[in-house]
Amino acid sequence: TEIYTLSLHDALPIEKLGHDYIGTEHLLLGMLKDPTSVGSNVLDGLGIDYEAVFAQVKKLSKPPIGIPSADLPLTGRAKSVLEESIKEAQKMKDTKYVGVEHILLALLSDTQGQAVEALVSLGADPEKIKIELYSFLGPENIATPDESDMVMADPLPDKPKPQQSSPQPSKSKK
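Residues numbered from 1 in each chain as written. Predicted model: local features only at pLDDT ≥ 70, side-chain atom pairs only at ≥ 80, totals over all residues. Heavy atoms only, no water.

With respect to the overall build of the chain
Reasoning step 1: For the chain, the count of helices and strands is nine helices and zero strands.
Reasoning step 2: Written out in order from the N terminus, the α and β elements of the chain read α-α-α-α-α-α-α-α-α.
Reasoning step 3: Scored against the burial criterion, the 174 residues of the chain give a buried share of 38%.
Reasoning step 4: Look at the contacts in the chain between residues 6 or more apart in sequence, and 68% of them connect residues 24 or more apart.
Reasoning step 5: Just so you have it, the chain exposes about 11700 Å², and 54% of that area is on carbon and sulfur atoms. (Helix = DSSP H or I, 4+ residues; strand = E, 2+ residues; numbered from the N terminus. Buried < 20%, exposed > 50% of the residue type's maximum accessible area, 1.4 Å probe, protein only. Contact = heavy atoms within 4.5 Å. Areas by Shrake-Rupley, 256 points an atom, 1.4 Å probe, with all protein chains shown as cover.)

Here you go:
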């Protein structure tokens, strides 16, 4: 995360936005700034580019507050997305790293974040982006749960059997 944050800071013209934080929108802009990233390639294939997203982020953002410091904190939402990207990476077969593609999947799942808000305002469908991303990665890279990882639910209890009435001894009338 630290390496990605540092490269994001270098890639993003933070001073133009005047933000004093790194949010989900900045993570998205950072990946779009790198034309070699999987996320950038998938989004570009859907007609979503850095300039369009930057313009939307600028439109959706609060006015600049001044010159941001060199040490920008991650918002809680951005931290959550980065944590979720680890889970996304674990879903992939033979993946020993967290890549931009995993961060993009996590970003797309955060429907309340400004990254998704910017994408949606550009007419993008987050679910369609996920489908394209999975297609780009190839279905053979998506791990299927191992049976040992699956939690089995308790079986439904048997329905109680209706009580059979025992034959009543017939009373003879005398």
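Next, the rest of the story.
Focus: the side chain of H26
Reasoning step 1: Structurally, H26 is set in helix α3 (residues 24-33).
Reasoning step 2: When its relative accessible area of 0% is taken as the criterion, H26 is described as buried.
Reasoning step 3: Polar side-chain contacts of H26 include one of 2.7 Å to the backbone nitrogen of G23. (Polar contact = N/O pair within 3.5 Å; in protein donor to acceptor, adjacent residues only side chain to side chain.)

Considering the pattern of salt bridges
Reasoning step 1: This model, assessed by the stated rule, comprises four salt bridges.
Reasoning step 2: Notably, a salt bridge pairs K130 with E127, separated by 3.6 Å at the nearest N-O pair. With K130 and E127 both in helix α9 (residues 126-137), this residue pair falls three residues apart, about one helical turn.
Reasoning step 3: We classify K130 as buried; its relative accessible area is 15%. (Salt bridge = Lys/Arg side-chain N within 4 Å of Asp/Glu carboxyl O.)

Side note on the packing of helix α7 (residues 100-109) against α9
Reasoning step 1: Running from N to C, α7 and α9 point in directions that differ by 160°, and their axes come no closer than 10 Å. In terms of their interaxial angle, α7 and α9 are classed as roughly antiparallel. The interaxial crossing formed by α7 with α9 has left-handed handedness. On the side of α7, the interface is formed by E101, L104, L105, L108 and S109, while α9 contributes P126, I129, K130, L133, Y134 and L137. (Axes fitted to C-alpha atoms, helices over the stretch in contact; angles between N-to-C directions. Parallel < 35°, antiparallel > 145°, perpendicular 65-115°, else oblique. Left-handed = near helix turned anticlockwise from the far one by under 90°.)

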